[in-house]
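Per-entry structural report
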Amino acid sequence: MRKILIVGAGQSGLQLALGLQSQGYEVTLMSNRTADEIRTGRVMSTQCMFHTALEHERELQLGFWESQAPRIEGLGLSVAAPDSTRAVDWVGRLNGFAQSVDQRVKMAGWMETFAQRGGQLVIHGAAVSDLDYFSRTYDLVMVSAGKGELVSMFSRDAARSPYDAPQRALSVAYVHGLAPRPEHPDFDAVRCNLVPGVGELFIMPTLTTSGRADILFWEGVPGGPLDVFQGIKDPAEHLAKTLELMERFLPWEYARATKVELTDANGTLAGRYAPTVRKPVGRLPGGGLVLGVGDVVVANDPITGQGSNTASKCAHSYLHSIIEHGDREFDAAWMQAAFDRHWEKTQHVVRWTNAMLAPPPEHVLNLIGAGGQFQPVADRFANAFDDPADLDAFFFEPDRTNAYLAEVAAAARA
């Protein structure tokens, strides 16, 4: 039985650990927090899992909260005009529903499941020196802890990382009491609100520790009017500032948020990081090798909602690479090949995310505007959140965008 160590208990690390466990591998999972500490701690993310990522969880029978979490059936996009009205407003329908489960709920539950199924769970904040020792006792060591000392083992891939500084200041509040959008009260949707030159507000329904809730998530251009959360420590002040900015820039969203309250005292988060792709193979001082997983190797800005999806897809891809490798050595060449297989799909996510962080060119503005005129455009754009590879056909190149919009217009006339 092959022995595998996974350091980090997030989406990718836990999904991979549970997947390998189901295939008979002897898996040790190392986390710097217990399940209870995660469950009662601060919110960690703004996850929205689309159909493909949810399918990966279902394959491993890990969709424990599917009947409880809101079914997200659409993705809406609004663009604020200078007078704070909506210049663009549409919603696309998803082919398969999406869901969001607070990672405090999911990671705590999955960690307990891993231990109940006989996995070895070690609560320890691992250092490079620990991995130096463990690399000699395990067949494969993987690092899925995307912060701290361990990440420094993986060098930045400059060719795939156009930004060397954060492109957005991030602010999150989990709330109860948000009213539905009056124009679409019959189904749940993620709402993307763009304020040109200022930033974005995303609103998504979720399941948290206290039941159904909504996430208010500001992405602010650094140094701009949304970049005001860094020094705020008081959760109530954080929420008040969130609402104040909604009232100023997005009054249609503020109108349904006048009675919201935080889900809990740990329901806020603020921070920033530079979107980065790293080399997948880390070399330890003693000569051992470790493989980077999830956002250790691909850390996208959350503007396209791809973080948990990419982590799930990475775990799915690595699981198959490990199984197919059989009893052979997990050497540097295999590690690079495993990442390259994952990158084949993830490169589309990185390209799209980096494009969305820049001011949109004219053809993209035309595409966004067309979503309000033609439902097939809105639907296709919404479903690209599940399959970003489809964007190559109609998003990046002006000629392809124009040809696609002409084709849609012709079909509408016919």
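Nothing here was measured: the structure is a model prediction, and the numbers come from that model.

This part is about the nonpolar core. Membership of the largest hydrophobic core comes to 61 residues, with the highest contact counts inside it found for Leu 20, Leu 131, Met 142 and Tyr 318. The contact partners of Met 142, leaving out residues within four places of it in the chain, are Ile 4, Leu 5, Ile 6, Val 7, Leu 16, Leu 20, Leu 291, Val 293, Tyr 318 and Ile 322. If you look at the next biggest cluster of nonpolar residues, it comprises 45 residues, including Ala 98, Trp 352, Val 364 and Ala 370.

Mapped onto the fold, Gln 99 is located in the loop between strand S4 (86-98) and helix H4 (103-116). Among the polar contacts listed, one links the side chain of Gln 99 to the backbone oxygen of Glu 66, at a separation of 2.9 Å.

Moving on to the environment of Glu 26. Within the secondary structure, Glu 26 is located in strand S2 (residues 26-31). By relative accessible area, Glu 26 is classed as partly exposed at 36%. Spatially, the C-alpha atoms of Glu 26 and Gln 120 are 8.3 Å apart, while their sequence positions differ by 94 residues. Other than its neighbours up to four places away in sequence, Glu 26 contacts Met 1, Arg 2, Lys 3 and Ile 4.

Of note, the phi angle at Gln 61 is positive, near 60°, even though the residue is not glycine. Assignment of secondary structure puts Gln 61 in the loop between helix H3 (51-59) and strand S3 (72-80). By relative accessible area, which is 64% here, Gln 61 ends up exposed. One non-glycine residue, Ser 84, adopts positive backbone phi at about 70°. The topology assignment puts Ser 84 in the loop between S3 and S4.

Structurally, Pro 388 is set in the loop between helix H11 (375-383) and helix H12 (398-413). Under the relative-accessibility criterion, Pro 388 is labelled buried at 5%. Residues Pro 388 and Lys 345, 43 residues apart in the sequence, show an inter-C-alpha distance of 8.4 Å. Excluding its chain neighbours within four sequence positions, the residues that come into contact with Pro 388 are Gln 306, Lys 313, His 348, Val 349 and Trp 352.

Calculation rules
- The residue numbers shown here count from 1 along each chain, following its written sequence.
- Local features in a predicted model are, by the rule used here, given only for residues with pLDDT of at least 70; side-chain atom pairs are given and counted only at 80 or more, and totals for whole chains, interfaces and linings are based on all residues.
- Side-chain descriptors were evaluated using all non-hydrogen atoms of the structure, hydrogens and water having been removed beforehand.
- As used in this record, nonpolar core signifies buried Ala, Val, Leu, Ile, Met, Phe, Trp, Tyr and Cys residues forming a set joined through side-chain atoms within 4.5 Å.
- Only protein chains enter the calculation, and the probe is 1.4 Å; a residue is then buried if its accessible area is under 20% of its type maximum, exposed if over 50%, and partly exposed in between.
- Contact definition: two residues touch when any of their heavy atoms are within 4.5 Å.
- The helix and strand labels rest on DSSP assignments: H or I over at least four residues marks a helix, E over at least two residues marks a strand, and numbering proceeds from the N terminus.
- What qualifies as a polar contact is a pair of N or O atoms within 3.5 Å, subject to a donor-acceptor requirement within protein and to the restriction that residues adjacent in sequence count only when both atoms come from side chains.

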